[in-house]
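One letter stands for each residue in the lines below.
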Amino acid sequence: MSALVEGILTAVVITAIIAIIKLLVVTGYHAQAIEAELTKLKQEIPIRVEWVRNHSPELGQASSVRLGLETLSGDYDVLLVALCDQPLVGAHEIAALLEQFAQRDSQKEIILPIVDGQRGNPVMFSRKVIAQILAIEEMVCRPFMDRHPDLVQTFATDNLAY
């Protein structure tokens, strides 16, 4: 395939993804700077991104995850919970997770990447599981996975981006 055709196909795929994906960013430390960048991003490309500020980031990552889950709106089938400190996670990694989710066992609701025997991120959750997590006060994703390993399908990979 020529570089031109590959470039055109990539642009078409990215445009399609931007049209269907909705991003929710939870800010905390450095919130003003991050929110300013998100505002610029929305002006530059047609991306559906919203944000919510965690006014108590000192309570840790779990407080930001819970706030994000509580803020979710709209209709979705799958939720990707990603961390801000994983610059190597890109379209390839997300596509691999989506493929794993589409091919998961029928009783599995969570896709967890495993790299060298260690939990990775991002993790994919079905809408059903997110509803179950939200039904338990102060529950967040990792403790839920620990309590319900029967719902977790692991995805063994050597990709260090996870």
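Residues numbered from 1 in each chain as written. Predicted model: local features only at pLDDT ≥ 70, side-chain atom pairs only at ≥ 80, totals over all residues. Heavy atoms only, no water.

### With respect to the overall build of the protein chain
We count it as follows: Under the scheme used here, helices are H or I runs from DSSP no shorter than 4 residues and strands are E runs no shorter than 2 residues, and both carry numbers assigned from the N terminus. Note on classification: 1.4 Å probe, protein chains only; a residue is buried when its accessible area is under 20% of the maximum for its type, exposed when over 50%, partly exposed between these limits. Note on contacts: a residue pair is in contact if any heavy atoms of the two residues lie within 4.5 Å. Surface exposure here means Shrake-Rupley accessible area, sampled with a 1.4 Å probe, where a residue is shielded only by the protein chains that are shown.
Across its full length, the protein chain holds 6 helices and 7 strands. Counting every position in the protein chain, which comprises 162 residues, the buried fraction comes to 35%. Put simply, of all contacts in the protein chain between residues at least 6 apart along the chain, 65% involve residues at least 24 apart. Counting only carbon and sulfur atoms, one obtains 57% of the accessible surface of the protein chain, whose full area is about 10300 Å².

### Some details on the packing of aromatic side chains
Heads up, the rule is: Each Phe, Tyr or Trp ring (for Trp, its six-membered ring) is paired with any other whose centre lies within 6.5 Å, and the angle between the two planes then decides the class: stacked below 30 degrees, edge-to-face above 60, tilted in between.
Summed over all chains, the structure comprises 1 aromatic pair. With a centroid separation of 5.8 Å and 80° between ring planes, the pair formed by Phe155 and Tyr162 is classed as edge-to-face.

### Some words on the pairing of strand 6 (residues 123-126)
Looking along a regular strand, one sees side chains alternate from face to face of the sheet. Quick reminder of the rule: Paired strands, as defined in this entry, are two strands with at least two bridges between them according to DSSP.
Along strand 6, one buried face is formed by Val123 and Phe125 and the opposite face, lined by Met124 and Ser126, is buried too. The pairing of strand 4 (residues 110-115) with strand 6 spans 2 bridges and is classified as antiparallel. Bridged to Ile110 within strand 6 is Phe125.

### What to know about the nonpolar core
Filter applied, for reference: Take the buried residues of types Ala, Val, Leu, Ile, Met, Phe, Trp, Tyr and Cys, join any two whose side-chain atoms come within 4.5 Å, and each joined set is a nonpolar core.
Grouped together as the largest cluster of nonpolar side chains are 19 residues, with contacts concentrated most on Ile110, Phe125 and Ile133. Mapped onto this core, the elements with two or more residues apiece are helix 3 (61-71), strand 3 (78-81), strand 4, strand 6, helix 5 (127-134) and helix 6 (141-147). Setting aside chain neighbours within four positions, we find Ile133 in contact with Arg66, Leu69, Phe125, Met139, Val140, Cys141 and Phe144.

### Re the pattern of salt bridges
Here is the rule: Any carboxyl oxygen of Asp or Glu within 4 Å of a side-chain nitrogen of Lys or Arg constitutes a salt bridge here.
Taken as a whole and assessed by the stated rule, the structure comprises 6 salt bridges. Of the charged contacts in the structure, one is a salt bridge between Asp75 and Arg127, with a shortest N-O distance of 3.5 Å. Placement of the pair is Asp75 in the loop between helix 3 and strand 3 and Arg127 in helix 5, with a sequence separation of 52 residues. The class for Arg127 is partly exposed, based on a relative accessible area of 36%.

### As for the confidence of the model for the protein chain
Note the cut-off: Note: pLDDT gives the predictor's confidence per residue, expressed from 0 to 100.
For the protein chain, the mean per-residue pLDDT works out to 88, and 88% of the residues sit at or above 70. Strand 4 holds the highest mean pLDDT among the elements of the protein chain, 98, whereas helix 1 (residues 3-20) holds the lowest, 60.

### Examining the packing of helix 3 against helix 5
For the record, the criterion: Between the N-to-C directions of two axes lies an angle of 0 to 180 degrees, each axis being a line fitted to C-alpha atoms and, for a helix, fitted only over the stretch in contact. Throughout, the term roughly parallel applies to angles under 35 degrees, roughly antiparallel to angles over 145, roughly perpendicular to angles from 65 to 115, and oblique to all others. The hand of a helix crossing depends on one turn: near helix anticlockwise from the far one by less than a right angle means left-handed, and clockwise means right-handed.
Closest axis-to-axis distance for the helix 3/helix 5 pair is 11 Å, and the angle between their directions is 115°. When the interaxial angle is binned, helix 3 and helix 5 end up roughly perpendicular. Along this stretch, helix 3 crosses helix 5, giving a crossing that reads as left-handed. Each of Arg66, Leu69 and Glu70 in helix 3 lies in contact with helix 5, whose residues at this interface are Ile130, Ile133 and Leu134.

### So, the pairing of strand 2 (residues 48-53)
Selection criterion: We call a crossover right-handed when, viewed with the strands running away from us, the connection from the first strand over the helix to the second turns clockwise.
In this structure, strand 1 (residues 22-27) lies alongside strand 2, joined through 6 bridges in parallel fashion. In the sheet register, Lys22 faces strand 2, and the bridge partner there is Arg48. Handedness of the strand 1-helix 2 (residues 31-44)-strand 2 crossover: right-handed.

### Quick word on helix 5
Given 3.6 residues to a turn, an α-helix orients residues that are three or four positions apart in the same direction. Our working rule: Arc, as used here, means the arc of the directions from the helix axis to the C-beta atoms.
Taken residue by residue, helix 5 has Val129, Ile130 and Ile133 as its buried positions. The arc enclosing the buried residues of helix 5, seen along the axis, measures out at 100°, which places them on a common side. Turning to helix 5, the residues buried within the fold contact helix 3, strand 3, strand 4, strand 6 and helix 6.

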